[in-house]
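So you can see what is in the structure, the chains are spelled out below.
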Amino acid sequence: MRIMLRVGLSGGIGAGKSTVAARLVEHGAVHIDADVIAREVVEPGTEGLAKVVEAFGADVLAADGGLNRPALAAKAFADEDSRRRLNGILHPLIGARTAERMAAVPPDGIVLHDVPLLVEGGYAPNYHLVVIVDAPVETRVRRLVEQRGMPEEDARARIRAQAADEQRRAVADVWLDNSGPAGAVLPEVDRLWTERLVPFEENVRLRRPRPPRAPELVPYDRTWPAQAARALARLRLLTAGRALRVDHIGSTSVPGLPAKDVLDLQVTVSTLEQADEFADVLSEAGFLRAEGEWWDDPQGGGGPWPKRFHYGADPGRPVNVHVRSTGTPAWRLALLFAAWLRANPAERDAYAEVKAKLAQAHAQDGSVDGYAEEKQGWVNAAFTRAEEWAERTGWSA
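Cut-offs used in this document
- Residues numbered from 1 in each chain as written.
- Predicted model: local features only at pLDDT ≥ 70, side-chain atom pairs only at ≥ 80, totals over all residues.
- Heavy atoms only, no water.
- Helix = DSSP H or I, 4+ residues; strand = E, 2+ residues; numbered from the N terminus.
- Buried < 20%, exposed > 50% of the residue type's maximum accessible area, 1.4 Å probe, protein only.
- Contact = heavy atoms within 4.5 Å.
- Phe/Tyr/Trp six-rings, centres within 6.5 Å; stacked < 30°, edge-to-face > 60°.
- Lys NZ or Arg CZ within 6 Å of the ring centre and 35° of its normal.

1. Focus on the environment of Val 269
Phase 1 of the analysis: Its place among the elements puts Val 269 in strand 9 (residues 263–269).
Phase 2 of the analysis: You can call Val 269 buried: its relative accessible area is 0%.
Phase 3 of the analysis: Val 269 sits 30 residues away from Thr 239 along the chain, and the two C-alpha atoms are 9.5 Å apart.
Phase 4 of the analysis: Discounting chain neighbours no more than four positions away, the residues touching Val 269 are Arg 242, Ala 243, Leu 244, Gln 274, Ala 275, Phe 278, Val 323, Arg 324, Ser 325 and Thr 326.

2. Here's the deal with the side chain of Glu 40
Phase 1 of the analysis: With respect to the helices and strands, the residue Glu 40 is situated in helix 2 (residues 34–40).
Phase 2 of the analysis: On the basis of relative accessibility, which here comes to 17%, the residue Glu 40 falls in the buried class.
Phase 3 of the analysis: Every residue in contact with Glu 40, bar those within four places of it in the chain, is listed here: Thr 46, Arg 97 and Arg 101.

3. Brief notes about the packing of aromatic side chains
Given two aromatic rings, one states the distance between the centres and the angle between the planes to describe the pair.
Phase 1 of the analysis: Summed over all chains, the structure comprises seven aromatic pairs.
Phase 2 of the analysis: Geometrically, the ring pair formed by Tyr 220 and Trp 224 is edge-to-face, given 5.4 Å between the ring centres and 85 degrees between the ring planes.
Phase 3 of the analysis: The exposure class assigned to Trp 224 is buried, which follows from its relative accessible area of 1%.
Phase 4 of the analysis: Judged by centre distance (6.5 Å) and plane angle (35 degrees), the rings of Trp 389 and Trp 395 are tilted.
Phase 5 of the analysis: For Trp 389, a relative accessible area of 10% translates into the label buried.
Phase 6 of the analysis: Every member of this aromatic cluster is reached through a ring pair, and the members are Phe 337, Trp 340, Tyr 351, Trp 378 and Phe 383.
Phase 7 of the analysis: Over the face of the ring belonging to Tyr 351 we find Lys 355, whose NZ or CZ atom lies 5.1 Å from the ring centre.

Written out as structure tokens, the structure is:
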């Protein structure tokens, strides 16, 4: 079983990815550069170069027998079919070479996969963590002109052709501002390594549980939905074909509601046997399965409603993953409760008061168990009001 922590690195041209990559390599990361591999697979004598010549003609070769990149670009990007033909040749070769490099990394390694088109290609969910390096457009233009000798209009055109800042922010677990002078970003990179990447890798490899903490509420964070969306994208990829749906639930999904800074996510399956089938896959991807039996309080009597529970291994982003089957109503109640709170500010505010009072009462507990147990009484009563609201409004999961 190979675990290794996979970190995706990207950023706009001129942002300074190489500075960040070099520092992480100094710390011990294994750097796999997609651009370097893309050049390697079309070097003279390779299968890749032979296929490119076969597809586009011998005039894409330079005098020394190597690839004439401008000549290839003129042909390959002339139309969509040509671009697809080139990608059909290169992408499998690049993927195979990348897999070879990954396979050579020890199980306790931290892989830094440097991918310029990580955002554009939709690759972010494949990584445990995505790091984006950024700098303002004018800073990047100046660097490209002064350090690479690129004409200013060419530099601006290259920047315009890449993903926009909002697209990069949507996938960024870590956003590194590299707008300052050379080396200014390095202390932040050092902290990223020591405080997040190293413990993250150890947590996954050792299946180390998240330490218990007393309940501590924080004001609603407007970035919680975006943070949840990144985790949900990973979960959808990992459970594709087996999960019925994946959702952001709990207090962090309710705007304006104070909450513990832990994202609650739900994976809904037909049976818990399906959940057991992908439990190891989730664990290796950083959503560690919790030991023991887990269940929800039954509503209306009867035995406990069983579920599976996973917790995030990333020390920089606590996550709880509740895996529930349609064999009990718990999956629907979790969705209903959050929807009801979002639609009823008075109930949301009443819940906030209850949470604040109980968090204070259990502040010295060292865990959330007492807080959660005492809060459940209010939640159980609220389910009745939520069901009445659902009936009245026609809400459905």
